[in-house]
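So the chains spell out like this:
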Amino acid sequence: MKVQRDGRSFTVDVTADGEGLVSHAGAALLGEAADRLGLTRALSRGLAGMRERRGGHDPGRVVRDLAVMLADGGDCLSDLRAVRDQEPLFGKVASNATAFRVIDAIAADPQLLGALRAARARARENAWNAGAAPGRIVIDIDATLITAHSEKDGAAGTFKGGFGFHPLLGYLDETREALAGVLRPGNAGANTASDHVDVVELALEQLPRDVVEHAEIVVRTDSAAATHELTDELRAAQINFLMGFDLTQTVRRAILEQPKSAWRPAIGQDGETRKGAWVAEITDALDLAGWPEGCRAIVRRERPHPGAQLSFSDHDGHRFLTTLTDLDGDAIELECLHRARASTEDRVRTAKQTGLENLPFRDFDHNQVWLEISLIAQDLIAWTQHLALTDDLAVCEPKTLRYRLLHTAARLAFHARQATLRLQRTWPWAPTLAAAFARLAALPPPAR
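Residues numbered from 1 in each chain as written. Predicted model: local features only at pLDDT ≥ 70, side-chain atom pairs only at ≥ 80, totals over all residues. Heavy atoms only, no water.

(A) Quick look at the sheet that holds strand S17 (residues 418-423). Strand order in the open sheet formed by three strands is S3-S16-S17, with antiparallel pairing between adjacent strands. Edge positions in the open sheet fall to strand S3 (21-22) and S17, since each of these has one partner strand only. Across six bridges, the pairing between strand S16 (residues 410-415) and S17 is antiparallel. Counted as the bridge partner of Ala410 is Leu423 from S17. (Pairing = 2+ DSSP bridges. Helix = DSSP H or I, 4+ residues; strand = E, 2+ residues; numbered from the N terminus.)

Structure representation (structure tokens):
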């Protein structure tokens, strides 16, 4: 092998006699975040009844290590070795068999799965108290398809002709936190109201109690969730909603009957006028008596991008999207707020880079636990970015974060009862990684 240095070419001899080197050194940042925010401790307390002997592995620590592994890019149980093989950095990590026994025990006891969720909620409150709290609570609900490549419990044919699962996920828009997830068979309906209600309830359980009781909460969905059952449940809980609304014949007729003066220019997420898009409110042209009182219908008219397929068109060939909401305010701003839901597709895509691309177990309940650990991993990434990173690394996707920080190699040096993780000084993001560790170390201990 040849390398270049100062314009000169060198032949490299490769030996296996180095000492103190660790790969994926940046992944320790995620473990540190879990410890500093009280997640590890909360998991240990919640799963304490599973520990069979004092000298055995702490089940809470096993779950934390699994979450770090998924956040670091692993996608199956055997990838835990990426953490296990670096004992000087991560300590003793459970074997694959031990990790599976922990997952198996949680899958067999709904109370243990509840303890997992409660620990995550506790850590979330600590993270928010440390500075990661959002300014507005907007919960995005969306479904996705996960392909199963073998016969698995609950896997079924999907509406797209595939085979696998159809989970429903809930995300917090502003902070990108993963609030809730419900695993469902592949043939589960996209508009099953009871499933949407379950996800909303799980998401609310993840929020601090004072937030649920006093903050304005908005649930944002696509048209699949626009059911009377869900909106009635949200109204009873004093939660507002923004959701897509089907373009029925009645809605289409109301749209096409709007006068030219009813249409106002739409705005983009930056607040600037968006060319080729207009907004109008058609509430008065529809009978919304069956929906909660105060519901409004807002429609967006836009010129489709080249190659887009139109479901119906007026004489100008526009595409129309309708929003149902019970929020007060300007129709243009509310439509813009609903359009911001497109970021949920990014959340779902990155979730599949964080353990959800493949559900590794045969049994359905085991895969539900895996989904929950993936949610923990996604939260760890979000909290670490909010509390320890700045600029583009505070909002980048996991793939970028792994390349720049998490997969960084370093030398772990011990001297005079002190340990130092030495990063390569020429690595462009070495100062950023060192500063991130320092920021986490400076966090005050959680109140509980």
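(B) Structural context of helix H15 (residues 398-406). Buried residues of H15: Pro398, Leu401, Arg402, Arg404, Leu405 and Leu406, and no others. For H15, the elements touching its buried residues are helix H1 (28-36), helix H3 (59-71), helix H13 (343-356), helix H14 (364-388) and helix H16 (430-441). (Buried < 20%, exposed > 50% of the residue type's maximum accessible area, 1.4 Å probe, protein only. Contact = heavy atoms within 4.5 Å.)

(C) Geometry of the pattern of salt bridges. One pass over the full model with this rule turns up 26 salt bridges. Taking the shortest distance from any N to any O, the salt bridge between Arg120 and Glu372 comes out at 3.0 Å. With Arg120 in helix H7 (residues 110-132) and Glu372 in helix H14, the pair connects residues that are 252 residues apart, well separated along the chain. Across the pair, Glu372 and Arg120 agree in class, each one buried. For Asp346, the salt bridge identified is with Arg349, shortest N-O distance 2.9 Å. (Salt bridge = Lys/Arg side-chain N within 4 Å of Asp/Glu carboxyl O.)

(D) Summary view of the environment of Thr273. Secondary-structure assignment places Thr273 in strand S13 (residues 273-281). For Thr273, a relative accessible area of 57% gives the class exposed. With 267 residues separating them in the primary sequence, Thr273 and Asp6 have C-alpha atoms 52 Å apart. Residue contacts for Thr273: discarding those within four places in its chain leaves Pro265, Ala266 and Ile267.

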